[in-house]
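Coordinate analysis (summary)
Spelled out, the chains give:
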Amino acid sequence: MMENHVITQPSMPNIDLHSHSTISDGVLSPSRLLAHAATRGVTVLALTDHDDVAGLNEATRSAQQENITLIPGVEISVTWHGRTLHILGLGIDPEYPPLVEGLQKIRDGRMDRARAIAAQLDKFGIHGSFEGASAQAGESRLIGRTHFARFLADRGYAKDVKSVFKKYLVKGKPGHVSHIWVSLDEAIGWIRGSGGQAVIAHPARYKLGNSLLEQLLNEFCELKGAGIEVVSSSHTPEQMRQFAGLATRMNLYASCGSDYHGPGESYFDLGRLPALPPECTPIWDGWQIQNIPEPVQQS
Ligand code: AMP
Ligand code: MN
Ligand code: MN
Ligand code: MN
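Right, let's walk through the structure included here. (Residues numbered from 1 in each chain as written. Chains lettered and ligands numbered in written order. Predicted model: local features only at pLDDT ≥ 70, side-chain atom pairs only at ≥ 80, totals over all residues. Heavy atoms only, no water.)

**Points about the coordination of the manganese ion (ligand 2)**
With distances of 2.2 Å, the protein atoms coordinating the manganese ion (ligand 2) are D25 (OD), H50 (NE2) and H261 (NE2). Between consecutive donor residues of the manganese ion (ligand 2), the sequence gaps follow D-x24-H-x210-H. Taken as an interatomic distance, the gap from the manganese ion (ligand 2) to the manganese ion (ligand 3) is 5.7 Å. A residue pair is termed long-range when its members are at least 10 positions apart, and D25 in the loop between β1 (15-16) and α1 (30-39) and H50 in the loop between β2 (44-47) and α2 (56-66) qualify at 25 residues. Exposure remark for D25: the relative accessible area of 7% places this residue in the buried category. (Donors = N, O, S within 2.8 Å, 3.2 Å for Na, K, Ca; no water. Helix = DSSP H or I, 4+ residues; strand = E, 2+ residues; numbered from the N terminus. Buried < 20%, exposed > 50% of the residue type's maximum accessible area, 1.4 Å probe, protein only.)

Listed below in structure tokens is the structure:
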């Protein structure tokens, strides 16, 4: 876990706006995720499963029991200039029909992609991966690369999920299939239409370079995106400072999230995040949240 290497200072109040459950590719069910968040002192949690909102009812019920404010969220897979981006929707209405239908369309596409991934792996002598990944996905209504990675790790093709992604499922390696998701315009439209705020997840992961990054942020602002993730388990401390600067310059809100997928599969544990740099305007500014304690003055 990276928390052993990075100086982390739990942000006060303890807000974590990016997490996954078994509804997508997380390890814990929504209620177990909330129970875990409570043990980590999280006061505000967003459940942001990939391309599905089916966990939000259970999460909301468990959050009430745990005295946590649950922010209904989603992480939408987007294709922008031939690259995959992840756009978080925070504070969405999970019943908004265009969002519900849009996410169903993405999950249908994922099923086609899963068959194509399995066919690719077949050619490399790895058989039965569609069934294997489906079994890993369990009750989830979607199949993701993480489910394939868990199957491959279980079969001994690599020592763990992280190592699988070095040898398989990524560009140039067996099991990689390029896929077209939905447009940035559509994703932001569904999020905003449902009353939510759109946030670019882990922007450093896309390795866009200055000019494309500038273009993305300009387009995102034009489409009325709200913020970018500054603090993320995908970011180094230097990248957190870089994106804090960009958020401030572009007048975007800053968000923070562990991107927790489960024990042993995430760099940051739930709620164990460094604080947002002080120049940032947090995305939760203006949210009506009951249980945000006053920040503790650090001496
Ligand atoms: P998908 O949306 O099905 O293409 O899968 C993307 C998911 O795979 C991410 O959300 C992560 O959970 C996981 N993933 C991608 N790259 C890596 C990596 N290098 N190490 C571990 N997990 C990864
Ligand atoms: Mn994931
Ligand atoms: Mn992501
Ligand atoms: Mn995520």
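Now that the structure is up, let's keep going.
**What about the site of ligand 1?**
The environment of ligand 1 is formed by D25, H50, R110, R113, G144, R145, T146, K162, F165 and H261. At 2.8 Å from an oxygen atom of ligand 1 is found a side-chain nitrogen or oxygen belonging to R110. R113 places a side-chain nitrogen or oxygen 2.5 Å from an oxygen atom of ligand 1. Protein chains bury 81% of the 500 Å² of accessible surface belonging to ligand 1 in isolation. Applying the majority rule of atoms within 2 Å of the grid points places ligand 1 in the largest pocket. Grouping the amino acids of the shell around ligand 1 by side-chain chemistry returns 1 nonpolar, 4 polar and 5 charged. (Near = heavy atom within 4 Å. Polar contact = N/O pair within 3.5 Å; in protein donor to acceptor, adjacent residues only side chain to side chain. Areas by Shrake-Rupley, 256 points an atom, 1.4 Å probe, with all protein chains shown as cover. 1 Å grid on protein atoms, 1.4 Å probe; cavity = no way out; pocket = protein on both sides within 12 Å on 5 of 7 lines; lining within 4 Å. Sits in = over half its atoms within 2 Å of the grid points. Nonpolar A, V, L, I, M, F, W, Y, C, P; charged D, E, K, R; others polar.)

**A short note on the pattern of salt bridges**
Tallied over the full model, the rule gives 8 salt bridges. Across the pair R40 and D269 runs a salt bridge whose closest N-O atoms are separated by 2.5 Å. Taken as a pair, R40 in the loop between α1 and β2 and D269 in the segment after β7 (253-257) lie far apart in primary sequence, 229 residues in all. Take R40: its relative accessible area is 26%, and that puts it in the partly exposed class. Exposure remark for D269: the relative accessible area of 6% places this residue in the buried category. Among the ionic contacts, a cluster of salt bridges with common partners joins D52, R107 and R141. (Salt bridge = Lys/Arg side-chain N within 4 Å of Asp/Glu carboxyl O.)

**Thoughts on the sheet that holds strand β3 (residues 69-80)**
What the 7 strands build is an open sheet, ordered β1-β2-β3-β4-β5-β6-β7; its pairing is mixed. In the strand order of this sheet, the two ends are held by β1 and β7, each with one partner. Relative to strand β4 (residues 83-90), β3 runs antiparallel, the two being bridged by 8 bridges. Bridge pairing links W80 to R83 in β4. With respect to the sheet, helix α8 (residues 209-222) is in contact with β3, β4, β5 (197-200) and β6 (227-232), its orientation differing from that of β5 by roughly 175°. Strand contacts of helix α9 (residues 237-249): β6 and β7, with the helix running at about 160° to β6, the strand carrying the most contacts. (Pairing = 2+ DSSP bridges. Contact = heavy atoms within 4.5 Å. Axes fitted to C-alpha atoms, helices over the stretch in contact; angles between N-to-C directions.)

**Examining the coordination of the manganese ion (ligand 4)**
For the manganese ion (ligand 4), the protein coordination sphere consists of H18 (NE2), H20 (NE2), E75 (OE) and D259 (OD), at 2.1 to 2.2 Å. Written as a sequence motif, the donor residues of the manganese ion (ligand 4) are H-x1-H-x54-E-x183-D. Metal-to-metal, the separation of the manganese ion (ligand 4) and the manganese ion (ligand 2) is 4.7 Å. Of the two residues, H20 is situated in the loop between β1 and α1 and E75 in strand β3; the sequence distance between them amounts to 55 residues.

**Some thoughts on α8**
Helix length check: α8, at 14 residues, gives a terminal C-alpha distance of 20 Å against a target of 20 Å (1.5 Å per residue), a fit within 8%. For α8, the set of buried residues is L212, L213, L216, L217 and F220. Projected down its long axis, α8 shows its buried positions confined to an angular sector of 135°, all on one face. Every exposed residue of α8 that faces more than 90 degrees away from the buried side is listed here: N210, S211 and E222. On its buried face, α8 sits against β3, β4, α7 (184-193), β5, β6 and α9. Note on α8: the residue one or two positions beyond its end, K224, has a positive phi of about 70°. (Expected span 1.5 Å × (residues − 1). Arc of directions from axis to C-beta.)

**Some thoughts on the nonpolar core**
It is characteristic of soluble globular proteins that their nonpolar side chains tend to be buried jointly. By size, the foremost hydrophobic cluster in this structure holds 72 residues, and its most contacted members are L17, L45, I76, V78 and V230. Looking at this core, the element that brings in the most residues is β3, giving 6 residues. Those residues in contact with I76 that lie beyond four places of it in its chain are D51, L85, H86, I87, L99, L103, I106, V182, A187, W190 and I191. L121, I126, F130 and A137 belong to the second-largest nonpolar core, a separate cluster that totals 20 residues. (Core = buried A, V, L, I, M, F, W, Y, C linked by side-chain atoms within 4.5 Å.)

**Regarding the environment of D49**
Here D49 is to be found in the loop between β2 and α2. When near neighbours in sequence (up to four residues on either side) are disregarded, D49 contacts S19, H20, S21, I23, S24, G73, V74 and E75. Of note is the side chain of D49, whose polar atom sits 2.5 Å from the side chain of S24.

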